[in-house]
Amino acid sequence: FWLHSNCLEPRNSPALNPLYSSSAMSEAVVPDAMVSPAVGGLHGEKAGGPAVDFSYVGIDAILEQMRRKAMKQGFELNIMVVGQSGLGKSTLMNTLFKSKVSRKSVLATAQEKIPKTIEIKSISHDIEEKGVRMKLTVIDTPGFGDQINNENCWQPIMKFINDQYEAYLQEEININRKKRIPDSRVHCCIYFIPPTGHCLRPLDVEFMRRLSKVVNIVPVIAKADTLTLEERDFFKKKIREELRANGIDVYPQKEFDEDAEDRMINEKIREMIPFAVVGSDQEYQVNGRRLLGRKTKWGTIEVENIAHCEFAYLRDLLIRTHMQNIKDITSSIHYEMYRVRRLNENNTVMAHANGIPEHHLAAHEM
Amino acid sequence: MASSDVARQPDKGVRPLSLAGHVGFDSLPDQLVNKSICQGFCFNILCIGETGIGKSTLMDTLFNTNFENFESSHFEPQVKLRAQTYDLQESNVRLRLTVVNTVGFGDQMNKQESYQPVVDYIDRQFESYLQEELKIKRSLHNYHDSRVHACLYFISPSGHSLKSLDLVTMKKLDSKVNIIPVIAKADTISKSELHKFKIKIMSELVSNGVQIYQFPLDDETVAKVNTTMNGHLPFAVVGSTEEVSVGNKMVKARQYPWGVVQVENENHCDFVKLREMLICVNMEDLREQTHTRHYELYRRCKLEEMGFKDTGPESKPVSLQQTYEAKRQEFLVELQKREDEMRQMFVQRVKEKESELKEAERELQSRFEQLKRLHADEKAALEEKKRLLDEDQSSFSKRRAAAQLLQAQSLTANGKKDKDRKNE
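Because the structure is a prediction, the values reported are computed rather than measured.

**Digging into the overall build of chain A**
Point 1. When you go through chain A residue by residue, the secondary structure sums to 10 helices and 10 strands.
Point 2. A buried classification covers 50% of the 366 residues belonging to chain A.
Point 3. Sequence separation of at least 24 residues holds for 65% of the intrachain contacts in chain A that already meet a minimum separation of 6.
Point 4. For chain A, the accessible area works out to roughly 17700 Å², and carbon and sulfur atoms hold 53% of it.

**A closer look at the pattern of salt bridges**
Point 1. Taken as a whole, this structure holds 51 salt bridges over all chains when the rule is applied.
Point 2. For Glu336(A), the salt bridge goes to Arg138(B), with nearest N and O atoms at 3.0 Å. With Glu336(A) in helix H10 (residues 323-354) and Arg138(B) in the loop between helix H3 (115-134) and strand S5 (150-155), the pair connects residues from two separate chains.
Point 3. Residue classification places Glu336(A) among the buried positions, given a relative accessible area of 10%.
Point 4. We classify Arg138(B) as buried; its relative accessible area is 10%.
Point 5. The shortest N-O distance in the salt bridge between Glu264(B) and Lys252(B) comes to 4.0 Å. Taken together, the residues span a long stretch of sequence, with Glu264(B) in the loop between strand S10 (259-262) and helix H7 (271-281) and Lys252(B) in strand S9 (residues 249-256) at a distance of 12 residues.

**What about helix H5 (residues 154-172) of chain A?**
Point 1. The first and last C-alpha atoms of H5(A) sit 27 Å apart over 19 residues, in line with the 27 Å expected at 1.5 Å per residue.
Point 2. Along H5(A), the residues that are buried comprise Trp154(A), Ile157(A), Phe160(A), Ile161(A), Asn162(A), Gln164(A), Tyr165(A), Glu166(A), Tyr168(A), Leu169(A), Glu171(A) and Glu172(A).

**Focus: the packing of aromatic side chains**
Point 1. A complete count under the given rule lists 15 aromatic pairs over all chains for this structure.
Point 2. Between the aromatic rings of Tyr168(A) and Tyr335(A), the centroid separation amounts to 5.0 Å while the plane-to-plane angle is 80 degrees, which identifies the pairing as edge-to-face. Of this pair, Tyr168(A) sits in helix H5 while Tyr335(A) sits in helix H10; the two residues are 167 residues apart in sequence, bridging distant segments of the chain. Across the pair, exposure class does not vary: Tyr168(A) and Tyr335(A) are buried alike.
Point 3. Relative to Phe235(B), the ring of Phe215(B) has its centre 6.1 Å away and its plane inclined at 20 degrees; by these criteria the two rings are stacked.

**Some details on the UniProt feature "coiled-coil region" (unreviewed entry) in chain B**
Point 1. Under the local residue numbering, the UniProt record ascribes the feature "coiled-coil region" (unreviewed entry) to residues 343-391 of chain B.
Point 2. Between the C-alpha atoms that bound residues 343-391 of chain B the distance is 72 Å, and the span itself is 100% helix and 0% strand.

**Describing the pairing of strand S2 (residues 41-48) of chain B**
Residues and elements named next belong to chain B.
Point 1. Across the 8 residues that make up S2, a large majority, 8, are buried.
Point 2. Side chains Phe41, Phe43, Ile45 and Cys47 of S2 all project onto a buried face; the interleaved residues Cys42, Asn44, Leu46 and Ile48 project onto the opposite face, where all are buried too.
Point 3. The sheet contact formed by S2 and strand S4 (residues 93-103) spans 7 bridges and is parallel. When the sheet's bridge partners are listed, phenylalanine 43 is paired in S4 with leucine 97.
Point 4. One ladder, built from 4 bridges, connects S2 with S5; its direction is parallel. Bridging from a neighbouring strand, leucine 46 pairs with cysteine 151 of S5.

**Quick notes on the sheet that holds S10(B)**
Residues and elements named next belong to chain B.
Point 1. The strand order across the open sheet built from 3 strands is S8-S9-S10, with neighbouring strands paired in antiparallel fashion. The open sheet has two edge strands with one neighbour each: strand S8 (243-246) and S10. Looking at each pair of strands side by side, their axes are set apart by 65 degrees on average, direction ignored.
Point 2. Here S9 pairs with S10 via 4 bridges, running antiparallel. Directly across from arginine 254, in S10, lies its bridge partner valine 261.

**Focus on helix H3 (residues 89-96) of chain A**
Point 1. Of all 8 residues in H3(A), 7 are buried, a share of seventy percent or more.
Point 2. Where H3(A) is concerned, the buried positions are Lys89(A), Ser90(A), Leu92(A), Met93(A), Asn94(A), Thr95(A) and Leu96(A).

**Looking at the environment of Gln147(A)**
All names here are of chain A.
Point 1. Inspection of the secondary structure assignment puts glutamine 147 in the loop between strand S4 (132-140) and H5.
Point 2. The exposure class assigned to glutamine 147 is partly exposed, which follows from its relative accessible area of 22%.
Point 3. Residues glutamine 147 and phenylalanine 235 lie 88 residues apart in sequence; the distance between their C-alpha atoms is 25 Å.
Point 4. Setting aside its immediate chain neighbours within four residues, glutamine 147 contacts Pro115, Lys116, Thr117 and Ile118.

**Quick notes on the packing of helix H2 (residues 61-73) of chain A against helix H8 (residues 283-305) of chain B**
Point 1. Two elements in contact, H2(A) and H8(B), have axes separated by 8 Å at closest approach and are oriented at 60 degrees. Overall, the two elements H2(A) and H8(B) adopt an arrangement that is oblique. Contacts between H2(A) and H8(B) involve Ile62(A), Gln65(A), Met66(A), Lys69(A) and Gln73(A) from the first element and Met283(B), Glu284(B), Asp285(B), Arg287(B) and Glu288(B) from the second.

**Comments concerning unusual backbone geometry**
Residues and elements named next belong to chain A.
Point 1. Of the consecutive residues tyrosine 251 and proline 252, the connecting peptide bond is found in the cis state with omega at -5 degrees.
Point 2. The residue proline 252 is located in the loop between helix H7 (229-245) and helix H8 (260-270) in this model.
Point 3. A cis geometry characterises the amide bond from isoleucine 273 onward to proline 274, with omega recorded as -5 degrees.
Point 4. The backbone of lysine 98 sits at a positive phi, close to 45 degrees, despite the residue not being glycine.
Point 5. A residue is classified by how much of its surface remains accessible, and lysine 98, at 16% relative accessible area, is buried.
Point 6. Here lysine 130, not a glycine, exhibits a phi torsion of approximately 50 degrees, which is positive.
Point 7. Mapped onto the elements, lysine 130 comes out in the loop between strand S3 (121-129) and S4.

**As for the sheet that holds strand S10 (residues 299-302) of chain A**
Adjacent strands of a sheet form backbone hydrogen bonds with each other and so pair up, either parallel or antiparallel.
Residue and element names in this part refer to chain A.
Point 1. Ordered in space as S8-S9-S10, the 3 strands form an open sheet in which the pairing is antiparallel. On the outer flanks of this sheet lie strand S8 (283-286) and S10, each paired with one strand and no other. If you compare each strand with its neighbour and ignore which way they point, the axes differ by 65 degrees on average.
Point 2. Pairing analysis gives 4 bridges linking S8 to strand S9 (residues 289-296), with the strands arranged antiparallel. Looking at S9, one finds that glutamate 283 is bridged to leucine 292.

**Things to note about the environment of Val272(B)**
Point 1. Positionally, Val272(B) belongs in helix H7.
Point 2. Residues Val272(B) and Phe235(B), spaced 37 residues apart in sequence, show a C-alpha to C-alpha distance of 9.5 Å.

Cut-offs and rules
- Residues numbered from 1 in each chain as written.
- Chains lettered and ligands numbered in written order.
- Predicted model: local features only at pLDDT ≥ 70, side-chain atom pairs only at ≥ 80, totals over all residues.
- Heavy atoms only, no water.
- Helix = DSSP H or I, 4+ residues; strand = E, 2+ residues; numbered from the N terminus.
- Buried < 20%, exposed > 50% of the residue type's maximum accessible area, 1.4 Å probe, protein only.
- Contact = heavy atoms within 4.5 Å.
- Areas by Shrake-Rupley, 256 points an atom, 1.4 Å probe, with all protein chains shown as cover.
- Salt bridge = Lys/Arg side-chain N within 4 Å of Asp/Glu carboxyl O.
- Expected span 1.5 Å × (residues − 1).
- Phe/Tyr/Trp six-rings, centres within 6.5 Å; stacked < 30°, edge-to-face > 60°.
- UniProt positions renumbered as here; feature names shortened; annotations may be inferred.
- Pairing = 2+ DSSP bridges.
- Axes fitted to C-alpha atoms, helices over the stretch in contact; angles between N-to-C directions.
- Parallel < 35°, antiparallel > 145°, perpendicular 65-115°, else oblique.

What follows is the structure in structure tokens.
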């Protein structure tokens, strides 16, 4: 049993080293900032015999405890897909999560008509992999970009995103709060760019410009199998330029890089976005293996082959490496910004109602 | 409030789905752990016990470090708390440990208020977290969490029962912090006495309704060991930072003429059990309980005290914001009222002062008139006198003139007579 092995087996971990210490002595005591380096810790002496290091305390066991707690609680992830109809949004979702997660796959009576206004439809699934449970919510936006007049098409989506922040905020400021506030905030919004090969359309620019301020946007080039490699590179470069020119910060945002290591990893990603993806939920036999792909007369496109398309990079970014980071940025940056705006809004509303000029209001806390 | 999660119930409207292949989100716990490693951890222990009972030594022994504590005097007039923060590191885990010790606990003649500084300290930490949480611009993720996660209560090894100070203090603290009672200096009690002592302590705690921290049983991985350990409470501990040679090893121990008490020998004391439970197995749970149970309770009480409610008079949900706005309105109205009152008072005072001044002016005026009249009267009287005097003078001078004339006449008459005589 692992517990007893901690006591008896020789340990190779280094002894506990106190780095700094500080003290404060008073009636009202508050821990101070660090003062000076303390004396080194005790080490287990070995006097002949088996080398047993007794200076192991077990602080690093907290990692295991955290992991256990996380596994027990499960995770939540909310992804929104935005793009004109026919760009392969549902298929991509199904490919990403290797199961029928999209709305169309779920609803038996899938209406194939394009709705007259933008609708926001979300569907949730409980998925599990190797003991890790996740509640995945896919939020679909049928009707986006499909009307003749697409002005203000971002509004319903913006409203939905803000409504989720609002719901979370309301829960958070309750007196009697739930132990775990259900998180319906949109963590990531995948924006599908049609593979024109030229540049971004005004609709794309407008949408991304507005929404990159409230949510993490991951732009992808949809149906990338219609572009040759050169066309693809040109298109991507053009898109990146246009994003930069319009001041659009997509995920991973430069300003949220935490340290040099982060920056290095994220720079590599930023040089590759938007990912040119191909989705498929059909398997074909290729070179003796069954792979997800699209079979055409001139060949089979393998979805997970990075020589064919960048789906694997997208999957790795979203799921395998940066998922936690995406959620953190949503909760600690986007949500906090919404909260600040909302709480300040109340102050100004009240001020105007009472005819009090704004500069009379001190920086109020709730 | 919801009790601890046993297993997350599937939500309504959420369908379970099976995956056709490896997606990769099983790396999520790893991602989470990596983030925590970068951020570092915080753990705060509060040690309550009489002076000299071995709190500092135990902390040193637990964390294999010398925390540089000096002995306290026994003559403190009041109980004080001393907090020290250390940055420790083991392999890749960085821990910011804060150890808070009571100073002078149990030394006073009158121990009625001994628990109060402790309660105040714990509440202060909750308060400062609450303040941060309620700020508009807040940074909870960088916030140094100073809330007390575990409270080690050191019981004197009398061998009989708990002192009333112990019961009173623990009762005050059990709803605010996770209490883990330990029997200090356990090498002064024999095995059989210890067993009886433990039973007595636990039954006293139960009969007095003191809720000590129970190691959690909901996770199958550790439920078994936690159940066993729950049965060994309170842990009888011995602390020592000195090393003694036993067999061919150097171990932490206390050397007596009659033998060596080895700290890490489970037959000698429960130190290893304490370390396992406190650090290796349940540190995260202690932190979680502090946040989700004790802190929430404090927050709820504090906000209700301030007058916020979740439901309004018609039992409709009232948001904190609405209440706040209502209070704000109230406050502004009050402010306006006060302002008006003050203005009125000011006007009143001014009027009063004005009338006072007018009155004074009138008085002065009348006095002046009076004086003027007096003066006039006197002047008139004087004039009269002068006139009389003048009259007198003039009549006198007339008489003198007349008299002189007469005299002159008589002189000339005499002279003539003389002349006449001469001439005769």
